[in-house]
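For reference, the chains in residue letters:
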Amino acid sequence: MVNLTIDGKQIAVAEGTTIMEAAAMLDITIPKLCYLKEINEIGACRVCVVEVEGMDRVVTSCNHLVEDGMVVMTNSPKVRDVRKTNVQLILSEHNSNCPTCIRNGNCSLQDLADHMGLLSVPYKTSYEEGFTDTEFPIIRDSSKCIKCMRCVSFCDKVQGLEVWDVINTGYRTTVGVKDNKEMAEANCSMCGQCVTHCPVGALTVRRDIKDVYDALHNPDIITVVQVAPAVRAGFADALGVDGEELTQGQMVTGLKQLGFDYVFDTNFTADLTIMEEGSELIHKLTHRDEYAWPMFTSCCPGWVRFMKSEYPEMVDQLSTAKSPQQMFGAVAKTYFAEKIGVDPSRLHVISVMPCSAKKYECSVDEVNVVSGVRDVDTVLITREMLQIMKMDNIDLANLEESEFDSPLGEGTGAAVIFGASGGVMEAALRSAYFLLKGENIDPDAFKEVRGFTERRELEANVDGTVVRCAAVSSLGEARELIEDIKAGKVTYDFVEVMACPGGCAGGGGQPINDGEERGALRGSRLYQLDRDNKVRYSHENSEVQILYKEYLEKPLSEKSHHLLHTHQKDWVY
């Protein structure tokens, strides 16, 4: 153990501990800006500096290891002066037009300047200007970049795509798309993790709120909104309350107050996805010699884009089942439009999603039932939903509860766990067991696939058929898994991949809590909703059963294939 003193408090810590980590053990907060534990510990911002007795210069606490007998001062006059100068220098190269910034009120640099009492910048202000393609779902505003390198490190170390890189040298050094490519030319998965890990407003997800307002205020348009499973966890998280206090019923009421004509639950089509994907898995398992293995899940468009750019030879191993978002759009503009007796062209389908890549997915021609007509017209991320409710002065915490509308509003516990890593696989196995054996298995029988990161494996015995399964979240983990498959180190039948750590609960469209990874917490809330649900199997969703009886006939029928399946190989990347 290493003994040291921090701000007059003695502590003993393990060797290899940084000063910042040791201070945190004493509940001493050291300001930081570029730091991400184990991902970006480069001390680039020089905000986390501390003074060490006997050393002439201050040191960065994020990457300076403790030493025995060390005496550290985290807020001495010398530290405050250096820290103030460093923050002022950062501000001198940053577009500080905060009132119109998307991160106003949720910006680490803004919070830091306020905490330090900075009222002016004594240096000449000069910053780079320019945007990347504003039609692309991920947008970079050069004027707000503080060169913290978080986006570079996260995309490299966690997602393994290296979309961002340091470009130019000297005073012209900045961050941009690697090899000076346009965003559309890069192998970006659109996962949005660079956005949620940016401490300022340099990276954002394209805003589509105006499209929604235009639809809401057009008397000739009928607005239909669907809400993804993980959004309800982000909704509660953003307001800083327990998930049990702020229920999804209040979220539904908020959406109805915005003026949407119909408020439906994407859980409905998550259950529908399970019926199609589970049936597809069973078909392939009973015709093993006709297919390449494993079968991969396909509901995450960031993962699909990753496969198309990195492993195009394996794209045909993706399930052909559309994502719940796109199944909903297809059903809404056919079955539901017929139900209410309107032309599908009058329906404007809006998705509220935890995922920035969903903005790309809805624009892919190959997922639409009618060529040139979108099944899903507009995608809002969770943050946009919260923003639009704020703009309409909706008092979320004091709303009464409402139910989702029918007939596309019923969802099971199996559907809600789509938003957590491992949830799609678990839900599919629950129903696959029933479809093969004719009886339900314990809904928690496959809980080994639950988790936040790293690979989780399971051998499931489904009526005598052993199904070898694996689940991962993050594209870096996905790459390792695929390389192991290609090298013959592992063999699987069914693999779930989510692009974002923790799955959709940690998606790039979820509320931003800088420096915190909230995916695991949000995911645990979704599993609680599953446990609390009276129906925990997708095949027991009564509205899905009616849909098959009245319209689709059965899973994998000709009509089901036409409406609910796609071939990702044909997607324009």
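## Some details on the overall build of the protein chain
Next up, step 1: Scanning the protein chain for helices and strands turns up 19 helices and 17 strands.
Next up, step 2: The C-alpha radius of gyration computed for the protein chain amounts to 25 Å, which stays within 12% of the reference 25 Å derived for 573 residues, consistent with globular compactness.
Next up, step 3: On the principal axes, the C-alpha backbone points of the protein chain span a range of 80 × 55 × 45 Å.
Next up, step 4: A burial count over the protein chain gives 59% of its 573 residues as buried.
Next up, step 5: For the protein chain, the proportion of contacts with a sequence separation of at least 24, taken over those separated by at least 6, is 73%.

## Some thoughts on a negative patch on the surface
Next up, step 1: Together, Asp 133, Glu 135, Glu 182 and Glu 185 line one region of the surface with negative charge.
Next up, step 2: As for its placement among the helices and strands, Glu 135 is situated in the loop between α3 (108–115) and β6 (138–140).

## Re the packing of helix α8 (residues 248–258) against helix α13 (residues 382–391)
Next up, step 1: With their axes 10 Å apart at the nearest point, α8 and α13 run at an angle of 60° to one another. In terms of axis orientation, α8 runs oblique to α13. The interaxial crossing formed by α8 with α13 has left-handed handedness. Judged by residue contacts, Met 251, Gly 254, Leu 255 and Leu 258 of α8 engage Met 385, Ile 388 and Met 389 from α13.
Next up, step 2: In the contact of α8 with α13, the residues fall into six nonpolar, one polar and no charged.

## Notes on the packing of helix α9 (residues 266–285) against helix α18 (residues 542–552)
Next up, step 1: At a minimum axis distance of 10 Å, the contact between α9 and α18 shows a crossing angle of 65°. The interaxial crossing formed by α9 with α18 has right-handed handedness. Along the contact surface, α9 presents Phe 268, Asp 271, Leu 272, Met 275 and Glu 276, while α18 presents Glu 543, Val 544, Leu 547, Tyr 548 and Leu 552.
Next up, step 2: Its residues assigned to classes, the contact of α9 with α18 shows seven nonpolar, no polar and three charged.

## Notes on a nonpolar patch on the surface
Next up, step 1: A grouping of Leu 89, Val 121 and Tyr 123 is seen on the molecular surface, where their side chains present a nonpolar patch of about 210 Å² in accessible area.
Next up, step 2: Along the chain, Tyr 123 turns up in the loop between α3 and β6.
Next up, step 3: The partly exposed category is assigned to Tyr 123, whose relative accessible area is 32%.

## Considerations on the sheet that holds strand β2 (residues 9–13)
As a general point, the strands of a sheet are linked pairwise by backbone hydrogen bonds and lie either parallel or antiparallel.
Next up, step 1: Pairing within the open sheet is mixed, and its five strands lie in the order β2-β1-β5-β3-β4. Single-partner strands in this sheet number two, and they are β2 and β4 (59–60).
Next up, step 2: Inspection of the sheet shows strand β1 (residues 2–6) paired to β2 by five bridges, in the antiparallel sense. Residue pairing in the sheet places Ile 6 in a bridge with Lys 9 of β2.
Next up, step 3: The strands that helix α2 (residues 77–92) touches are β3 (49–52) and β5 (70–73); relative to β3, the one it contacts most, it runs at about 150°.

## With respect to the sheet that holds strand β12 (residues 295–296)
Next up, step 1: On the basis of which strands lie adjacent, the open sheet formed by four strands has the order β12-β17-β16-β15 and mixed pairing. Two strands bound the open sheet, and with one partner strand each, they are β12 and β15 (456–462).
Next up, step 2: Taken strand by strand, helix α15 (residues 423–437) contacts β15, β16 (465–473) and β17 (494–498), and its axis lies near 150° from that of β17.

## Concerning unusual backbone geometry
Note: most peptide bonds trans; most residues except glycine with negative phi.
Next up, step 1: With omega at 5°, the peptide bond leading from Trp 293 into Pro 294 counts as cis.
Next up, step 2: With respect to the helices, strands and loops of the structure, Pro 294 is situated in the loop between α9 and β12.
Next up, step 3: That bond from Ser 406 to Pro 407 is cis: its omega, 20°, falls within 30 degrees of zero.
Next up, step 4: Turning to its location among the elements, Pro 407 is positioned in the loop between α13 and α14 (413–416).
Next up, step 5: For Met 149, which is not glycine, the phi torsion reads 75° and is therefore positive.
Next up, step 6: You can call Met 149 buried: its relative accessible area is 16%.

## Brief notes about helix α7 (residues 229–238)
Next up, step 1: With respect to burial, α7 is a largely interior element, nine of its 10 residues being buried.
Next up, step 2: By the burial criterion, the buried members of α7 are Pro 229, Ala 230, Val 231, Arg 232, Ala 233, Gly 234, Phe 235, Ala 236 and Asp 237.
Next up, step 3: Once α7 finishes, Gly 240 follows within two positions and takes phi at roughly 70°, a positive value.

## Regarding the environment of Ser 542
Next up, step 1: Among the secondary structure elements, Ser 542 is positioned in helix α18.
Next up, step 2: For Ser 542, a relative accessible area of 34% gives the class partly exposed.
Next up, step 3: In this structure, the C-alpha to C-alpha distance between Ser 542 and Gly 411, residues 131 residues apart in sequence, is 9.1 Å.
Next up, step 4: A distance of 2.5 Å separates a polar atom in the side chain of Ser 542 from a polar atom in the side chain of Glu 410.

## Quick look at the pattern of salt bridges
Next up, step 1: The full count for this structure, using the stated rule, is 27 salt bridges.
Next up, step 2: A salt bridge links Lys 37 to Glu 21, with the shortest nitrogen-to-oxygen separation between them at 2.7 Å. In this pair, Lys 37 sits in the loop between α1 (19–25) and β3 while Glu 21 sits in helix α1, placing the two residues 16 residues apart along the sequence.
Next up, step 3: By relative accessible area, which is 47% here, Lys 37 ends up partly exposed.
Next up, step 4: For Glu 21, a relative accessible area of 22% gives the class partly exposed.
Next up, step 5: Linking Arg 455 and Asp 484 is a salt bridge whose minimum nitrogen-to-oxygen distance equals 2.9 Å. In this pair, Arg 455 sits in the loop between α15 and β15 while Asp 484 sits in helix α16 (residues 475–486), placing the two residues 29 residues apart along the sequence.
Next up, step 6: A relative accessible area of 19% means that Asp 484 is categorised as buried.

## A short note on the side chain of Ser 474
Next up, step 1: Position of Ser 474 among the secondary structure elements: in the loop between β16 and α16.
Next up, step 2: Among the polar contacts made by the side chain of Ser 474, one reaches the main-chain amide nitrogen of Glu 477 at a distance of 3.2 Å.
Next up, step 3: Once you skip the residues sitting within four places of it in the chain, Ser 474 turns out to touch Val 158, Gln 159, Met 498, Ala 499, Cys 500 and Pro 501.

## Considering the pairing of strand β10 (residues 222–227)
Next up, step 1: Across the six residues that make up β10, a large majority, six, are buried.
Next up, step 2: On β10, burial covers both faces: Ile 222, Val 224 and Gln 226 on one face and Thr 223, Val 225 and Val 227 on the other are all buried.
Next up, step 3: With six bridges connecting them, β10 and strand β13 (residues 347–353) associate as parallel partners. Looking at the pairing, Thr 223 lines up with His 348 of β13.
Next up, step 4: In this structure, β10 lies alongside strand β11 (residues 262–265), joined through four bridges in parallel fashion. From the neighbouring strand, Val 225 faces β11, where its bridge partner is Val 263.

What counts, and at which threshold
- Residues numbered from 1 in each chain as written.
- Predicted model: local features only at pLDDT ≥ 70, side-chain atom pairs only at ≥ 80, totals over all residues.
- Heavy atoms only, no water.
- Helix = DSSP H or I, 4+ residues; strand = E, 2+ residues; numbered from the N terminus.
- Rg over C-alpha atoms; globule rule 2.2 N^0.38 Å.
- Buried < 20%, exposed > 50% of the residue type's maximum accessible area, 1.4 Å probe, protein only.
- Contact = heavy atoms within 4.5 Å.
- Patch = residues over 30% accessible without salt bridge, like charges linked within 9 Å, V, L, I, M, F, W, Y side chains within 5 Å.
- Areas by Shrake-Rupley, 256 points an atom, 1.4 Å probe, with all protein chains shown as cover.
- Salt bridge = Lys/Arg side-chain N within 4 Å of Asp/Glu carboxyl O.
- Lys, Arg positive; Asp, Glu negative; His and termini not counted.
- Charge placed at Lys NZ, Arg CZ, Asp CG, Glu CD.
- Axes fitted to C-alpha atoms, helices over the stretch in contact; angles between N-to-C directions.
- Parallel < 35°, antiparallel > 145°, perpendicular 65-115°, else oblique.
- Left-handed = near helix turned anticlockwise from the far one by under 90°.
- Nonpolar A, V, L, I, M, F, W, Y, C, P; charged D, E, K, R; others polar.
- Pairing = 2+ DSSP bridges.
- Polar contact = N/O pair within 3.5 Å; in protein donor to acceptor, adjacent residues only side chain to side chain.

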